[in-house]
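In case you want the letters, here they are:
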Amino acid sequence: MGVLHNLISIQDLTRDTIDMILDHARDMEPLAVKRSKVLDGKIMACLFFEPSTRTRLSFESAMLRLGGSVLGFAEAGVSSAGGKGETLADTIRTVERYADVIVIRHPLDGSARVAAEFATCPVVNAGSGAEEHPTQALLDLYSIRRMKGCIDGLTISLCGDLKFGRTVHSLAMALTMYDVDMILAAPKQLRMKPSIIAEMEKAGVRVRQVNHIEDALQDADVVYMTRIQKERFPDIREYNAVRGHFRLRREDLELLKKDAIILHPLPRVDELDPDIDDSPHAKYFEQVEAGVVTRMAILDLILG
Ligand code: NCD
C-alpha cells in the first residue's frame, strides 16, 4: 500500500501531508518531461459523471507519464449508472475489479466518500458536487508555492462564486493550515458558507469579505478567480441575476501589486477578459501544467 490511501477531502489531510505532496510534485517535474515506468502495470479508472477537460485529462496524462494505464468513461450517459440506473455502490464494486485506483467526479455532495466506503481500492475525489475538489486545491497550492516561492505570509483573494464553487471550498480549507490573510469577494448571493469562514477564523486566518472585485485587488498577492457555477443554481433566474457582474478587465489590473498573480481553475466564461491573457499577472495556463505534476505525485503516493 502507498503512503496515501484515499483522497476524499482536504480536511482529511494535515499540513505535513499537504507539504509532502507538494514536495513530491516538485520531484515529479523532471519525470513529467522524461517519462518514467514507476507505475508500470498499474491501472487507473476515471469515472466522470460530470463534464471535465483538465481534471480528467491531466489525471490520464499523469498516469501515462508514470508508465501506468487508464480506462473509464467521461460522461454518465454512457455508463450503466446513467443509462440503466445502476447504483454508485454497484458501479464501484465492479470497477474496482478492473483497476488499482478509482478517480471519481460526481454531481452529488458526499459521492466520493460513499464511493470510498464501497471500494477496496483507493478512491480519489475529482470533484463532488459543490462541496469539494481536493486535487484542484493541491495543484493551486503547488502553483502558488512555485510562482510566489511560499504560501505563508501571503494575502490571497478568492473571487466569484464562493457558494457553489467547490474549488474555493477546498482551497479555503487548505489555507486554514497556512499563515495567510484572505479576502473573499463575491456577490451577496454567492458568499462563502459561514461554516467555512468560521473554520478559517478559528485557525487564525484573517478574513475580510467584500462585495466588489475592485476591493479584492489592491492588497492581494494572489487573485483566485472562479466561474459562476450556472449548473448548480436551483433556479436559472437566480443565475441570470448575478451573471456577468464579477469580471476582471484589463483596466482593473492597474490596481494590482506589481508581482501579484491571477489564478483560475478554468474553464472561464466571461469573468476573465481574454485581453488580460498576455499580462504578466495572468498565470492560469501555467497553473494547468501544475495539474499534471501534482496528480503524478498523488498517484505515485497512492500506488507507488
Ligand atoms: C472546476 C470544477 O470542476 O469544479 N474545474 C476544474 O476542475 N478545473 C471549476 C469549474 O468548473 O468552474
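An account of the accompanying structure is given in this report. (Residues numbered from 1 in each chain as written. Predicted model: local features only at pLDDT ≥ 70, side-chain atom pairs only at ≥ 80, totals over all residues. Heavy atoms only, no water.)

**With respect to the nonpolar core**
In this structure, Leu141, Ile156, Leu158, Met182, Met192, Met296 and Leu299 are the most contacted members of the largest nonpolar core, which totals 64 residues. Ranked by residues supplied to this core, first place goes to helix α10 (residues 284–303) with 10 residues. For this core, the two domains that each supply at least three residues are domain 1 (10–132 + 290–303) and domain 2 (134–288). Each residue touching Leu141, except ones within four places of it in the same chain, is listed here: Ile18, Leu22, Ile151, Leu171, Ala174, Leu175 and Tyr178. (Core = buried A, V, L, I, M, F, W, Y, C linked by side-chain atoms within 4.5 Å. Buried < 20%, exposed > 50% of the residue type's maximum accessible area, 1.4 Å probe, protein only. Helix = DSSP H or I, 4+ residues; strand = E, 2+ residues; numbered from the N terminus. Domains from an automatic or database assignment. Contact = heavy atoms within 4.5 Å.)

**Observations regarding the packing of helix α2 (residues 54–65) against α10**
Direction vectors running N to C along α2 and α10 enclose 55°, while the axes themselves pass 8 Å from each other. One finds that α2 runs oblique with respect to α10. Crossing geometry of α2 relative to α10 is assigned as right-handed. Between α2 and α10, the residues in contact are Arg54, Thr55, Ser58, Phe59, Ser61, Ala62, Met63 and Arg65 and Val288, Gly291, Val292, Arg295, Met296, Leu299 and Leu303, respectively. In terms of residue class, the contact of α2 with α10 is made up of eight nonpolar, four polar and three charged. (Axes fitted to C-alpha atoms, helices over the stretch in contact; angles between N-to-C directions. Parallel < 35°, antiparallel > 145°, perpendicular 65-115°, else oblique. Left-handed = near helix turned anticlockwise from the far one by under 90°. Nonpolar A, V, L, I, M, F, W, Y, C, P; charged D, E, K, R; others polar.)

**Notes on the site of the ligand**
In the region of the ligand, the neighbouring residues are Thr55, Arg105, His133, Gln136, Arg166, Thr167, Arg227, Gln229, Pro265, Leu266 and Pro267. Here a nitrogen atom of the ligand and a side-chain polar atom of Gln136 are 3.2 Å apart. A distance of 3.0 Å separates a nitrogen atom of the ligand from a polar atom in the backbone of Leu266. Protein burial of the ligand: of its 310 Å² of free accessible surface, 94% is covered by the chains. Looking at side-chain class alone, the shell around the ligand contains three nonpolar, five polar and three charged residues. (Near = heavy atom within 4 Å. Polar contact = N/O pair within 3.5 Å; in protein donor to acceptor, adjacent residues only side chain to side chain. Areas by Shrake-Rupley, 256 points an atom, 1.4 Å probe, with all protein chains shown as cover.)

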